[in-house]
Amino acid sequence: MATGVREETAGESAYRRLRSDIIFGKLAPGRRLRLEQLRARYEVSIATLREILTRLVPEGLIVAENQRGFEVAPISISDLRDIAEMRLLLECHAVAQSFANGDLEWEASVVAAHHKLSRMEERMLRGDHTVSETWKRYDREFHVALISACGSSELLATHDRIFDRFLRYQVLLVMFRGAVAAEEHHALLRAALDRDVPAAQRLLARHIGACIDYTVEHDLLRGDAA
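In this text the structure is predicted, and so the values were computed from the model without any measurement.

S.K.: I tried to follow empty space enclosed by the protein on my own but got confused; where do I start?
M.R.: Empty space among the atoms can be located by rolling a probe the size of a water molecule over them. One pass over the structure, following the stated rule, counts 1 cavity of 30 Å³ or more. Roughly 100 Å³ of volume is contained in the largest cavity. Residue lining of the largest cavity: 14 residues in total, with Lys 136, Gln 170, Ala 181, His 185 and His 207 positioned closest to the centre. Of all the secondary structure elements, the ones that give two or more residues to the lining of the largest cavity are α6 (132-147), α7 (153-172), α8 (179-194) and α9 (197-217). The element best represented in the lining of the largest cavity is α6, accounting for 3 residues. Taken together, the residues that form the lining of the largest cavity break down as 6 nonpolar, 3 polar and 5 charged.

Here's what the structure looks like:
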């Protein structure tokens, strides 16, 4: 029994590490995933690795090819647009529920999440890109805090998966829009504290849509696939 518990724990740890490595670009889009190499890297059995990779397929992070194994999901402008539209749909619905339900503790969590994010944005604006991974983690925490009082665990779980796929693009493309994005985050904080749902939804549409515009304007994804 103890061995099984250790293997299960190791498997969950490997799942989180591998998933994070894909999202934060340590495993590049389109990379073939060779089980022997992964076994050494994540210190789990081949059977456990197969389970992990299969688990990541429906999350959109891994592609399974018939008789050819697994590879990291490629990236494309069309995929980014699809993910952005789904993220906007989920967040606009979730903020309405969260703003209605949120209490003082929720407000405090939103303020705290924004404080951490704003500090990282200040450093990024000064040209310190060594904190880019931390910046994106705090960006994620802030957006999750905004919708955390929505009252639906299924909605939060679905948003979690979609946001991570969107986050992967932001990391891979170094999608930092500077002071404009920082101001949008500050405006979202004000909308949350004022419980102004229409303002928050308009801001989200601008905030998420601008990431697509930025990608196209700077030609970060050439053609339909990369």
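S.K.: Could you clarify how one ought to interpret the pattern of salt bridges in this entry?
M.R.: When the charged atoms of two side chains lie near each other, side chains of opposite charge can form a pair. Tallied over the entire structure, the rule returns 17 salt bridges. Here Arg 177 ties to Glu 184 by a salt bridge, and the two come within 2.5 Å at their closest N and O atoms. Accessibility assignment for this pair places Arg 177 and Glu 184 in one class, buried. What emerges from the salt-bridge pattern is a single network uniting Arg 19, Glu 59, Arg 140, Asp 160 and Asp 164.

Procedures and definitions
- Throughout, a residue's number is its position along its own chain's written sequence, starting from 1.
- Per-residue local features are limited, in this predicted model, to residues with pLDDT of at least 70; the limit for side-chain atom pairs, both in listing and counting, is 80 or more; totals at the level of whole chains, interfaces and linings are taken over all residues.
- Based on all heavy atoms of the structure, the side-chain values leave hydrogens and waters out of the count.
- Grid points spaced at 1 Å over the protein atoms alone were grouped into cavities, where a 1.4 Å probe fits but cannot get out, and pockets, open sets with protein on both sides within 12 Å along at least five of seven lines, with lining residues defined by an atom within 4 Å of a point.
- Grid points are joined across faces, edges and corners, and a volume is the space filled by probe spheres set on the points.
- Secondary structure elements are defined from DSSP: runs of H or I of at least 4 residues count as helices, runs of E of at least 2 residues count as strands, and each element is numbered from the N terminus.
- Amino acid classes used here: Ala, Val, Leu, Ile, Met, Phe, Trp, Tyr, Cys and Pro are nonpolar; Asp, Glu, Lys and Arg are charged; the rest, including Gly, are polar.
- The salt bridge criterion pairs a side-chain nitrogen of Lys or Arg with a carboxyl oxygen of Asp or Glu, the two atoms within 4 Å.
- Whether a residue is buried, partly exposed or exposed follows from its accessible area with a 1.4 Å probe, protein chains only, as a fraction of its type maximum: under 20%, in between, or over 50%, in that order.

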